[in-house]
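# Results of the structural survey
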Amino acid sequence: MRNSCCFACLIFLFLPIIKADLYSLAELTQQVREVIESSAKYRFPENNNEHFANLDPEKQDYGTFDFIIVGGGTSGGVLANRLTEHKSFKVLVLEAGSADPNTAAILGIHNYMINNIWNWGFNTTPQNNSCLISNKICRFPRGKVLGGSSELNGALHVRGNRRDYDRWAEIVGNKSWSYKSVLPYFRKSEHASAFHPKDKKYHGSEGPQSISLAPAVPGLTEAVIQGFKNLHYKVVDYNGKSQEGCGMVQSYLNYNIRSGSNYSFFRPAIKRPNLTISLKSFVTKVILEGKTAVGVEFVKEGKTFFAKASNEVIMSAGAVSSPQVLMLSGIGPTDELNKHGIEVVADLPVGKHLSEHVILTNAMTLSTNTVFYNVTLDQAMDLWSKRQGPFMANVGRVIAFKDFNGDKLADAELFFGFPLNIDPSGNFIVNSVAPYIQVMQPHSEGEVTLKSSDPRDFPLINPNLLGDERDFEQMYEAVKVLLDLNGTLPIKLISSNRGFSIVDFPKSHECSLCCQKFSKKWWFCLFKYYSSCGFHPIGTTRMGKNSSDSVVDSDLKVHGIKNLRVVDAGIMPRLNSGHTNAPVVMIAEKISDVIKNAYY
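Here we summarise the structure given alongside this text. The model shown is predicted, which means the values in this text are computed figures rather than measured ones. (Residues numbered from 1 in each chain as written. Predicted model: local features only at pLDDT ≥ 70, side-chain atom pairs only at ≥ 80, totals over all residues. Heavy atoms only, no water.)

### Some words on the overall build of the protein
When its secondary structure is counted, the protein shows 16 helices and 26 strands. Here the C-alpha radius of gyration of the protein, 23 Å, is about what a compact globule of 600 residues would show, namely 25 Å. Along the longest, intermediate and shortest principal axes, the C-alpha atoms of the protein span 70 × 55 × 50 Å. Here the protein holds 600 residues, and 62% of them are scored as buried. (Helix = DSSP H or I, 4+ residues; strand = E, 2+ residues; numbered from the N terminus. Rg over C-alpha atoms; globule rule 2.2 N^0.38 Å. Buried < 20%, exposed > 50% of the residue type's maximum accessible area, 1.4 Å probe, protein only.)

### Focus on the packing of helix α12 (residues 469-486) against helix α15 (residues 520-530)
The description of two packed helices rests on the angle between their axes and on the distance between the axes. Remark: α12 packs on α15, axes separated minimally by 10 Å, with the N-to-C direction vectors making an angle of 110°. As the angle between them shows, α12 and α15 are arranged roughly perpendicular. Mapping the contact onto sequence places Glu469, Phe472, Glu473, Met475, Tyr476, Val479 and Leu483 in α12 and Lys520, Trp523, Phe524, Phe527 and Lys528 in α15. Taken together, the residues of the contact of α12 with α15 sort by class into eight nonpolar, no polar and four charged. (Axes fitted to C-alpha atoms, helices over the stretch in contact; angles between N-to-C directions. Parallel < 35°, antiparallel > 145°, perpendicular 65-115°, else oblique. Contact = heavy atoms within 4.5 Å. Nonpolar A, V, L, I, M, F, W, Y, C, P; charged D, E, K, R; others polar.)

### A word on the pattern of salt bridges
By the definition in use, this model includes 19 salt bridges. Arg33 is the partner of Asp378 in a salt bridge, and the nearest nitrogen-oxygen pair spans 3.4 Å. Of the two residues, Asp378 is situated in helix α11 (residues 377-385) and Arg33 in helix α2 (residues 22-41); the sequence distance between them amounts to 345 residues. The exposure class of Asp378 is partly exposed, given its relative accessible area of 48%. Assessed through its relative accessible area of 27%, Arg33 is described here as partly exposed. Close ionic contact of Lys59 with Glu297 constitutes a salt bridge, the shortest N to O distance being 2.6 Å. Of this pair, Lys59 sits in strand β1 (residues 56-70) while Glu297 sits in strand β10 (residues 292-300), and the two are 238 residues apart along the sequence. (Salt bridge = Lys/Arg side-chain N within 4 Å of Asp/Glu carboxyl O.)

### Some remarks on the nonpolar core
By size, the foremost hydrophobic cluster in this structure holds 178 residues, and its most contacted members are Trp177, Phe391, Phe416, Phe527, Leu564 and Ile587. Beyond its immediate stretch of four places on either side in the chain, Phe527 contacts Asn129, Leu360, Leu466, Phe472, Met475, Tyr476 and Val479. Grouped together as the second largest cluster of nonpolar side chains are 13 residues, Leu156, Tyr238, Val249 and Ile359 included. (Core = buried A, V, L, I, M, F, W, Y, C linked by side-chain atoms within 4.5 Å.)

### With respect to helix α9 (residues 318-328)
With 11 of 11 residues buried, α9 lies mostly within the body of the structure. All buried positions along α9 are accounted for by Gly318, Ala319, Val320, Ser321, Ser322, Pro323, Gln324, Val325, Leu326, Met327 and Leu328. Positive phi appears at Gly330, one or two residues downstream of α9, with a value of about 95°.

### Quick word on the packing of aromatic side chains
Under the defined criterion, the tally for this structure stands at 28 aromatic pairs. Ring geometry for Phe52 against Phe282: centres 5.7 Å apart, planes inclined by 75°, an arrangement best described as edge-to-face. Linking Phe52 in the loop between α2 and β1 with Phe282 in strand β9 (residues 282-289), this pair joins segments that are 230 residues apart in sequence. For Phe52, a relative accessible area of 10% puts it in the buried group. Residue Phe282 is classed as buried on the basis of its relative accessible area of 6%. On the numbers, 5.0 Å between centres and 10° between planes, the contact of Phe415 with Tyr436 is stacked. In this pair, Phe415 sits in strand β18 (residues 412-417) while Tyr436 sits in strand β21 (residues 432-439), placing the two residues 21 residues apart along the sequence. A cation over a ring is seen here: Lys90 above Phe65, with NZ or CZ 5.1 Å from the ring centre. Here the guanidinium or amino end of Lys198 rests over the ring plane of Phe195, the centre of that ring lying 5.5 Å away. (Phe/Tyr/Trp six-rings, centres within 6.5 Å; stacked < 30°, edge-to-face > 60°. Lys NZ or Arg CZ within 6 Å of the ring centre and 35° of its normal.)

### Here we look at the sheet that holds strand β16 (residues 373-375)
Taken in spatial order, the three strands make up an open sheet running β16-β20-β19, and their pairing is antiparallel. Sheet topology places β16 and β19 (421-422) at the edges, where each strand pairs with a single neighbour. Here β19 runs beside strand β20 (residues 428-430); their pairing, made up of two bridges, is antiparallel. Counted as the bridge partner of Ile422 is Phe428 from β20. The strands touched by α11 within the sheet are β16 and β20, with β16 carrying the most contacts at an inclination of about 120°. (Pairing = 2+ DSSP bridges.)

### A closer look at helix α16 (residues 581-599)
Residue pairs three or four apart in sequence face the same way in an α-helix, which turns once every 3.6 residues. With 19 residues, α16 extends 27 Å between its outermost C-alpha atoms, agreeing within 8% with the 27 Å of an ideal straight helix rising 1.5 Å per residue. In terms of burial, α16 is largely enclosed, as 15 of its 19 residues are buried. (Expected span 1.5 Å × (residues − 1).)

### Some points on the side chain of Ser150
The topology assignment puts Ser150 in the loop between α4 (110-114) and α5 (162-172). Polar contacts involving the side chain of Ser150 include one to the side chain of Glu151, which spans 3.4 Å. Excluding residues that lie within four positions of it along the chain, Ser150 makes contacts with Thr74, Arg258, Gly260, Ser261 and Asn581. (Polar contact = N/O pair within 3.5 Å; in protein donor to acceptor, adjacent residues only side chain to side chain.)

### Here's the deal with the side chain of Gln243
If you trace the backbone, Gln243 turns up in the loop between α7 (221-230) and β5 (245-248). A distance of 3.1 Å separates a polar atom in the side chain of Gln243 from a polar atom in the side chain of Asn161. Sequence-distant contacts of Gln243, defined by excluding residues within four places in its chain, comprise Gly160, Asn161, Val236, Tyr238, Phe401, Ala410 and Ser577.

Everything listed here is a matter of geometry and, on its own, says nothing about what the molecule does.
Okay, here's the thing in structure tokens:
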């Protein structure tokens, strides 16, 4: 499924541990160069018009399948793989994007991948308390490619806290969502390499998705970890028995290759005769007969199609696109649907309860005494082929979690990226550390709504970041941890005793005018400018006991609608104390078994 790739490249990417020959590595290096160059000038579309160009309105029959999966992202890959393990199940996957490019394999260029055609290009509505530095508009990247956001993200494998899932079980009223019950599904998908520390009983070794550590940046990674140790943080396997502490980031990484949903789940199933994957297929609505889902409509390359589902339609388009399709189909809040002239089939809180991690970025940086990497693109790629160098990871090789409230849930996540700076000659330089802070237990809620009843329009995304004063307090507590880290000897030794430098605004800046520098009030002002989305949206189709405050039940069936499920991050009833990719894989693994037990 890779694009424009020679046979040698394919061998290289399917078998990452063998050393590439010079020709295949040169090909891949050129593709990386093209991605970097195109990202600088790429402009995102403002709507979905590209899918409707020269559209023939006459509907054509695409066929009948047992299951139709809308969205070929993280959950879509798991579902497609697991359901087609049964040869009697005929499965169709509809993905609006294209096949993933070769360059998606390289974790270290993910920022360039995001600013490109593989991202939908969504933005938020204007925010009151975040993204002021970018005119109140936050970027909201979502993967538009086979494998979805797992092909573009920072590839951090962070499940969260055991208490997250026990809370889910309490909210849903079903013990099958407790940590004890879902742990086997985390383990099922995982092939964890030998890293230290590792709590073995919490990790899997037989699954299709490789988890490992990117190599440390010599002299830098250890200094940051030692700084935390000086503050009495334990070095832990944060996906193991205890989350609080610090350590190396566990990544979706197979030797040097990103092990996203495409690599780990779609590829092993791609040749199965009972799996059909249709790319560039934009789903416009679920076809309902009364209160039963019987298929979907979609557009593809100038034609309008309908496909029928004998058993179920499964929405796996993510916490933004799944609610849009549901609302366009008549499933959503009555007031919202009436506003756009859409007939109400089921009055459900679709799009409500959007929850998102808020992240502080670019407000602090640590310049060091040492240039850890100063390499050309060719050199960086050669190092990558040997599992070394700056391209092995781009976001966070060190991570830490802190509980401020004593409830054994992480309130803040701190992770440290090593940004790649390109100098005028085109060399990639690493000589600094960029700390990121995430508020893990946000109280703020937003929503996803429709701009219109026309699927050509993007949905409206309002995460309402920092809409609750308590979220400011959590972020401020995390900043104090960074300031404490700044005073440790290991940090001082690598920074000529300077430590982290904090962004200094011009005198005319609002924060400098209103507040004493470094005061609590000054920090709160800074948060409004430099806080943005953590790219972990959940809750817009959340599961629960009843239809008044949830969209799906504990088996992820849509309340009141037969043969329709939602299986993606939108169903999560509360944000986890981690990232969302790992729990989405778990959710899809669990529901795959539920579906197989129901039909086989």
